[in-house]
Amino acid sequence: MEEAALKVTIKSIAQEAGVSIGTVDRVLHNRGGVNKETQKCILQIAERLDYRPNSISKALACLRNPRTIAVLINSPDYNYFASEVYRGISAVAEEISDFGIEVVYYFMHSTDEAEQLQWLEKIKNSNLSGLILKPVNYPSIRQQIDEIAQRGIPVVTCTSDINNSRRTAFVGHDHRKEGRMLARLLGMILKPNACAAILVGAMNVLGHQRKNEGFRECLAYYRPDVKLLGVFESNNDFDTVQTMMKAFAAEYSIDALCIQAMDCRGVERVASLFPKEKRPIICTFGSQVELAELMESNNLDFAVQEEPFEQGYRAAKVLFDILQDKNNVPNDFIEVEARIVLDECL
């Protein structure tokens, strides 16, 4: 009986609106493909007929009061990882467009504090309902985030977090755990008294810091005999990396190299610095597409596979859910799982 009544209700809405039952169903379940005028008409009729009053009222309120989500992330052309984060957020932006929510993008082209501060000042003074960002880890950035949060605006950090801020939630990997995963496997295969080095991207990105911390903690615990030659910050400057690697290769036999936050081309170029017969064990972090390419070309031995699309998608979904219901605040850390991969996995 309940199912029959539901069908009658949908049929009644369709008849009054002069549309098909399928069109009503798409609107009520937010499946898209219906123009805004028709959508508004259906929602108004559904509200009058008391069909799912809570969800309908929320949808109508959204249409009457358009809102803006600001997104401050690396530009999609920064690297493949950044393009996938953008694609994930964009997928949600398309899904929620019928709710009267506009998503506005602000793109970073570096991990520079001044550049991010400039964008945050602009965002803070805009008509803002919510913010998604990949922060660089500076007190000045934390202050900007706190000022936005104090105005009751939800802030979701994505792919990397920031220390001690008032942000609403962080969506991403457990970076310290990722570092430990990589070090644990490396420790199982390294010869006694081996030499290892770490290449990080930028230490002003908290995710990079935590990967490095987890890696070093785990390697020191399980393999105290391994000599760590150093932690070298690349800042996407390959010339610096090349100079450092050549200097160390001249003095030490590098048995393992952990590369953090470097794209596919960067890892390939680092691997090319070593003769094939003397190439160290190389491990890294990255997306499935990039890792598969590196393993196929024998430039990588194993890695932690990350999920940039999933991180972007879930960050946008979390913020949308908060905007729909301010009482629906999630855990402050929404973890996206990562996994160890070998060439056989890919």
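These numbers were taken from a predicted model, which means no experiment stands behind them.

Spatially, β7-β6-β8-β9-β10-β12 is the arrangement adopted by the six strands of the open sheet, whose pairing is mixed. Only two strands of the sheet have a single partner each, and these edge strands are β7 (227-233) and β12 (339-341). Taking each pair of neighbouring strands and ignoring which way they run, the sheet shows an average axis angle of 15 degrees. For strand β8 (residues 256-259) and strand β9 (residues 281-286), the ladder comprises four bridges, and the chain directions are parallel. Bridge pairing in β9 places cysteine 258 opposite cysteine 283. Against the sheet, helix α9 (residues 206-222) makes contact with β6 (195-200), β7, β8 and β9, and its axis sits at roughly 170 degrees relative to β6, the strand it touches most.

As a further point, take the nonpolar core. Within the largest apolar cluster, 27 residues are counted, with the highest numbers of intra-cluster contacts made by Ile69, Val71, Ile89, Ile132 and Val171. Contributions of two or more residues to this core are made by β1 (67-74), α5 (80-95), β2 (101-108), β4 (155-158), β5 (169-172) and α13 (308-324). In this view, isoleucine 89 contacts Val71, Ile73, Tyr105, Ile132, Gly312, Tyr313 and Ala316; residues no more than four positions away in its chain are not counted. Grouped together as the second largest cluster of nonpolar side chains are 25 residues, Phe238, Val267, Met295 and Val341 included.

The full count for this structure, using the stated rule, is 19 salt bridges. The closest approach of N and O atoms between arginine 87 and glutamate 84, which form a salt bridge, is 2.9 Å. On the criterion of helical spacing, the pair formed by arginine 87 and glutamate 84 is a turn pair, its members being three residues apart in helix α5. Taking the relative accessible area as the measure of exposure, glutamate 84 reaches 12% and is therefore buried. One salt bridge connects glutamate 337 with lysine 177, and the closest N-O pair in it is separated by 3.9 Å. Note that glutamate 337 is positioned in the loop between β11 (333-335) and β12 and lysine 177 in helix α8 (residues 175-189), a separation of 160 residues in sequence. The class of lysine 177 is partly exposed, set by a relative accessible area of 33%. Each of Arg176, Arg180, Glu213 and Glu217 takes part in one network of salt bridges that share partners.

Now for the environment of glutamate 310. Checked against the element boundaries, glutamate 310 lands in helix α13. Overall, the relative accessible area of 31% leaves glutamate 310 in the partly exposed class.

Calculation notes
Residues numbered from 1 in each chain as written. Predicted model: local features only at pLDDT ≥ 70, side-chain atom pairs only at ≥ 80, totals over all residues. Heavy atoms only, no water. Pairing = 2+ DSSP bridges. Helix = DSSP H or I, 4+ residues; strand = E, 2+ residues; numbered from the N terminus. Axes fitted to C-alpha atoms, helices over the stretch in contact; angles between N-to-C directions. Contact = heavy atoms within 4.5 Å. Core = buried A, V, L, I, M, F, W, Y, C linked by side-chain atoms within 4.5 Å. Buried < 20%, exposed > 50% of the residue type's maximum accessible area, 1.4 Å probe, protein only. Salt bridge = Lys/Arg side-chain N within 4 Å of Asp/Glu carboxyl O.

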